[in-house]
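Chain residues, written in single-letter form:
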Amino acid sequence: KKNLIIFGTRPEAIKMAPLVKEFLKNPTFETKVCVTAQHREMLDQVLDFFEIVPDYDLNLMKPGQNLYGLTAAIITGLQPVLEDFKPDYVYVHGDTTTTMGSSIAGFYSGAKICHVEAGLRTFNKQSPFPEEINRTITGHVADYHFAPTQTSFDNLRNEGISKENILITGNTVIDALFESVSKVDNLEDPEIIHLKRELDFTKRIILVTGHRRENHGQGFINICNALKEIGERVDNVQIIYPVHLNPKVQKPVYDILGKQDNIKLIAPLAYPAFVWLMNKCELVITDSGGVQEEAPSLGKPVLVMRDTTERPEAVDAGTVILVGTDTKKIVSETIDLMGNTERYKNMSRLHNPYGDGKASKRIVEFIQNLN
Ligand code: UDP
């Protein structure tokens, strides 16, 4: 049987890498990888680290590209790939435009569509942000659904998807993390070497990331004001913030935090250095989906700067706290966690609801049993 695994952005690449490796080890399948390169540079760093060489590269990233052009380019770009390779199964991940476009193109080709990280929902179609629509459309095009948790399984069942076609697997992001965290300590990686030199590890490190479009504007201004106050009020703290390259993020961050001594603004880190730093820090403050799944597996409490989340399991499990973009709330929760040893320790010991690192093995086994 033939597998085509398609992805386009950094988080998809990180989360699909363990599945690519698992399938490539399995002689029952001929497995090929196609990247749309919806993000170019950040995708390539992940491909290098996981030693994945794509068989097809649509190289679709263009300056100023909008969702109309990107969606069309993905669907038309995939036609020759699908007609050349004729896959039996097409694998897509999550909720990007690549995910949605590839699932539709794969459907046109007659392949069975397999959705990895299926069933996440915010139940909030916040136009023009495409994620909720992307994952919902993909969920209804897909034949097989790999749901990370019981909650995502239930979401799919409530939309009428039959239970035989859904498997709860855990999230493949934990497979990738476990493989990487042991590797990065001994890696001769220039970014890690640089971090070791630049950062003061006698200080208490808070790692910050933020990129979400719904936070652009006032959201980021509030976030930066909160970080400034945390820097001023928490003793012996060092805030490390790899700043996303989007100018709507860069401007408020450098304007408000550029001159703060104990706040280090650095370029976005490639995945190995990011994993290394996440393992070294004390607390994570983020609006990222992937980071809130990863950090609890390393025992790091996470404050999530969003008002809604498609990942309620973490909030229920207590591994993350939703703080929104309210300056006061971000500051008060951070100060409380950094000052309250008992609360911190309890939080860092909680079980991570996103899996045990064997999600990709479960997916391969499921597909193998179909044949
Ligand atoms: N990440 C990274 N470098 C960074 C920030 C994040 O490699 O500077 C990784 C992180 O480990 C996680 C993924 O990128 O696996 C999350 O991506 P992002 O926050 O861009 O997207 P989201 O998860 O919100 O879709």
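In what follows, the structure referred to is the one given above.
Given the structure is predicted, the values throughout are model-derived calculations rather than measurements.

Any two side chains of opposite charge can pair if their charged atoms end up close together. Scanning all chains against the criterion turns up 26 salt bridges. A salt bridge links E117 to K15, with the nearest nitrogen and oxygen atoms 2.7 Å apart. Of this pair, E117 sits in the loop between β5 (112–116) and α5 (131–141) while K15 sits in helix α1 (residues 10–24), placing them 102 residues apart in sequence. Between R311 and E117 there is a salt bridge, and its shortest N-O distance comes to 3.7 Å.

In terms of nonpolar packing, the biggest core is built from 60 residues, with F7, L19, Y91, Y271, M278 and I367 touching the most fellow members. For this core, the domains that each give at least three residues are domain 1 (2–171 + 356–370) and domain 2 (188–348). Other than its neighbours up to four places away in sequence, I367 contacts F23, F29, Y89, Y91, C114 and F146. In terms of nonpolar packing, the next biggest core, distinct from the first, is built from 30 residues, I206, I239, Y241 and V331 among them.

On to the sheet that holds strand β7 (residues 166–168), then. As summarised here, the arrangement of the 7 strands in space is β3-β2-β1-β4-β5-β6-β7, forming an open sheet in which the pairing is parallel. The sheet is open, and its two borders are formed by β3 (56–57) and β7, each paired with just one other strand. Running at roughly 165 degrees to strand β4 (residues 89–93), helix α4 (residues 97–109) makes contact with β1 (2–7), β4 and β5 of the sheet.

Close to the ligand lie 16 residues; R212, L269, S288, G290 and E294 are nearest. Take R10: an N or O atom from its side chain is 3.1 Å from an oxygen atom of the ligand. In this structure, G289 approaches the ligand through a main-chain N or O atom, which is 2.8 Å from an oxygen atom. If the ligand stood free it would expose 540 Å²; the protein chains cover 91% of that surface. Contributing elements (two or more residues each) for the shell around the ligand: α1, α11 (271–280) and α12 (289–294). If you tally residues by element for the shell around the ligand, the top one is α12, at 4 residues. Per-domain counts for the shell around the ligand show at least three residues from each of domain 1 (2–171 + 356–370) and domain 2 (188–348).

We now examine the sheet that holds strand β13 (residues 320–322). Reading across the sheet, the 6 strands line up as β10-β9-β8-β11-β12-β13 and stay open at both edges, with parallel pairing between neighbours. Every interior strand has two partners, whereas the edge strands, β10 (263–266) and β13, have only one. Direction aside, the axes of adjacent strands within the sheet are offset by 20 degrees on average. Judged from the 3 bridges that link them, strand β12 (residues 302–304) and β13 form a sheet pairing that is parallel. The residue bridging V302 from the neighbouring strand is V320, located in β13.

Rules used throughout
- Residues numbered from 1 in each chain as written.
- Predicted model: local features only at pLDDT ≥ 70, side-chain atom pairs only at ≥ 80, totals over all residues.
- Heavy atoms only, no water.
- Salt bridge = Lys/Arg side-chain N within 4 Å of Asp/Glu carboxyl O.
- Helix = DSSP H or I, 4+ residues; strand = E, 2+ residues; numbered from the N terminus.
- Core = buried A, V, L, I, M, F, W, Y, C linked by side-chain atoms within 4.5 Å.
- Buried < 20%, exposed > 50% of the residue type's maximum accessible area, 1.4 Å probe, protein only.
- Domains from an automatic or database assignment.
- Contact = heavy atoms within 4.5 Å.
- Pairing = 2+ DSSP bridges.
- Axes fitted to C-alpha atoms, helices over the stretch in contact; angles between N-to-C directions.
- Near = heavy atom within 4 Å.
- Polar contact = N/O pair within 3.5 Å; in protein donor to acceptor, adjacent residues only side chain to side chain.
- Areas by Shrake-Rupley, 256 points an atom, 1.4 Å probe, with all protein chains shown as cover.

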